[in-house]
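Secondary and tertiary structure notes
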Amino acid sequence: MHPFVSAGLLALVTLFHGQEGPTFDIPRVAGANWFKGNTHTHTTKSDGDSAPEEVARWYKEKAYQFLVLSDHNVFTDPQTLSRLVDSSFLLIPGEELTSSFEKAPVHINGLNIPRKLDPQTDTTLLGTIQKNVDEVRSVKGAPHINHPNFGWAIDKFTLLKVKNNNLLEIYNGHPLVHNLGGGGKPGLEEVWDFLLTSGMRIYGIAVDDAHHFKGEFGPTRSNPGKGWVVVRAHSLNAQEIIDNLEAGMFYASTGVELEDVIIEADRIEIRIKQRSSFKYRTDFIGSGGRVLSSSVENRAVYIVKGDEQYVRAKISDSGGGAAWVQPVFVRTN
Ligand SMILES: [Zn+2]
Ligand SMILES: [Zn+2]
C-alpha cells in the first residue's frame, strides 16, 4: 500500500466557519487518497534509452501509482502494456506534441488522449503554443506546457496569453531546461507567480522528462525519479486523476512528501511526512511572489489576511528537496 493511502488522510477538510471577511476559495473535496505519478517520460519510441515496458516497470517498482509515457510525437497505447496495469498502477495515455516556432522549441504534453495527435505549427510563438493546446483539448485531453526555459523559448508574457491551459512545468528533471532561470531570465517559480498575480489560475507541476534509465544516474543525465506530482482523488482512475490535477488538487515534489494539506475557510495547514533527521522550512507565498510568512514547524499553518490574492506554499528540506502546494485563491467578499 502506498504510504499516502491511509485512514488518517481524510484531508482537505472543507469546513466553513461562517466568519466574515476574507476567506479562501476552498477547492471541492476530492477524495481521501493521494496518488503519486509522473506525467512526462520518454522511451525508445522517441529518444529514450529503454523500451516502454522497461520504463513503466521502473516506475511501478518505485511505487509510483500512475505514469504517462509521453514520447515526442509518438503515442503508446497503454493496452499494449496492460500486463503491468493493476489496482496499484495505472498507465494514462499521452504524448509530447513536439513542435517549434523559428528556433524556439514548443513542447506541449497531452494527457489522457485517445490516439496520436499531430504537432501543430503557426506563424507566431503564441499561436504555435495555442494550436497545440487546442489540439489536445479537441480530443478532451489535458495539456501541459513543458520546460518554458528550454532554449529560453517561452517567455512569461506569451504564457499569460495562452488560453485553456491549466498546468505548467515549474520543475523538469532534464539537465538542460534552466528551471531556475539566470542571466536576467526569470526562473519558473517567478514566472508562475507572475501568471498567478496577473489573474491566471494555473498550477505548477514537477516532472521527470526522463530519457536515461540505463547507465549512470547523475546530475548531467536525464534520469527518472527527480520530479513528480501527488494527486488527491477517490480512486486511481485516469479521468479523475487528470481532472483533479487540472483543478489543483495535488502537490508537486522533488523529494519532500506530505502527509496532508488541509484547507479551511480561513487557514491552510500543511503536515509534512518526517524523513529521518531532515529539517523543513515552509514558505507561504502570495501576490507578486512575496513570502507572506515562514514556518519551521511541522504542521505549518497560515491564516488568511485578505490582501494575499492567492496563497501557495513551498516546503524546502535540508537535503535540497522541495514540495510545492498549489495556490488557493482569496475571496475578499
Ligand atoms: Zn520537451
Ligand atoms: Zn520530454
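Residues numbered from 1 in each chain as written. Chains lettered and ligands numbered in written order. Predicted model: local features only at pLDDT ≥ 70, side-chain atom pairs only at ≥ 80, totals over all residues. Heavy atoms only, no water.

1. Some thoughts on the overall build of the protein chain
Heads up, the condition is: Each helix corresponds to a stretch of at least 4 residues labelled H or I by DSSP, and each strand to a stretch of at least 2 residues labelled E; elements are numbered beginning at the N terminus. Here's how the labels work: a residue is buried when its accessible area is under 20% of the maximum for its type, exposed when over 50%, partly exposed in between, all with a 1.4 Å probe on protein chains only. Residue contacts follow a heavy-atom distance rule, with two residues in contact if any of their heavy atoms lie within 4.5 Å. A 1.4 Å probe and the Shrake-Rupley method give the accessible areas. Residues count as covered only by the protein chains that appear here. Counting rule for charge: Lys and Arg are taken as positive, Asp and Glu as negative, and neither His nor the chain ends is counted. By convention, charge coordinates are those of NZ in Lys, CZ in Arg, CG in Asp, or CD in Glu.
When helices and strands are counted, the protein chain shows five helices and 18 strands. For the protein chain, buried positions account for 57% of its 333 residues. Pairs at least 24 apart in sequence give 66% of the contacts found in the protein chain among residues at least 6 apart. Accessible surface, the protein chain: about 13600 Å² in total, of which carbon and sulfur atoms supply 52%. Taking the 34 positively charged and 39 negatively charged side chains of the protein chain as two groups, their mean positions are separated by 1 Å.

2. Considering the domain arrangement of the protein chain
Under the convention used in this document: For each domain, the first and last residues come from an automatic or database assignment. For any pair of parts, buried area is found by adding up, for both, the accessible area (1.4 Å probe) each one loses once the two are put together. Throughout this description, the term salt bridge denotes a Lys or Arg side-chain nitrogen within 4 Å of a carboxyl oxygen of Asp or Glu.
What the domain assignment reports for the protein chain is domain 1 (1-28 + 255-300 + 313-333) and domain 2 (31-248). Facing 23 residues of domain 1, the contacting portion of domain 2 comprises 25 residues. Note on domain 1 versus domain 2: buried area summed over both sides is about 1900 Å², and carbon and sulfur give 59% of it. Taken together, domain 1 and domain 2 are joined by two salt bridges. Residue E189 pairs with K314 through a salt bridge whose shortest N-O separation is 2.8 Å.

3. Considerations on the coordination of the zinc ion (ligand 2)
Our working definition: Distances define the donors: N, O and S atoms within 2.8 Å of the metal qualify, as do those within 3.2 Å of Na, K or Ca. Water is excluded, so some sites may look unfinished. Angular criteria define each label, namely tetrahedral for four donors with all angles between 85 and 135 degrees, square planar for four and octahedral for six donors with opposite donors over 155 degrees apart and remaining angles between 65 and 115, and irregular for whatever fails these tests.
Every protein donor of the zinc ion (ligand 2) is listed here as H40 (NE2), H42 (NE2), E96 (OE) and D209 (OD), and their distances to the metal cover 2.0 to 2.3 Å. For the zinc ion (ligand 2), the four donor atoms in the first shell make angles of 82 to 169° at the metal, so the coordination geometry reads as irregular. Here the zinc ion (ligand 2) and the zinc ion (ligand 1) are spaced 3.4 Å apart, and both take E96 as a donor. Pair noted here: E96 is in strand β5 (residues 94-101) and D209 is in the loop between β9 (203-207) and β10 (228-233), with a separation of 113 residues, a long-range link. D209 shares its class with E96; the two are buried.

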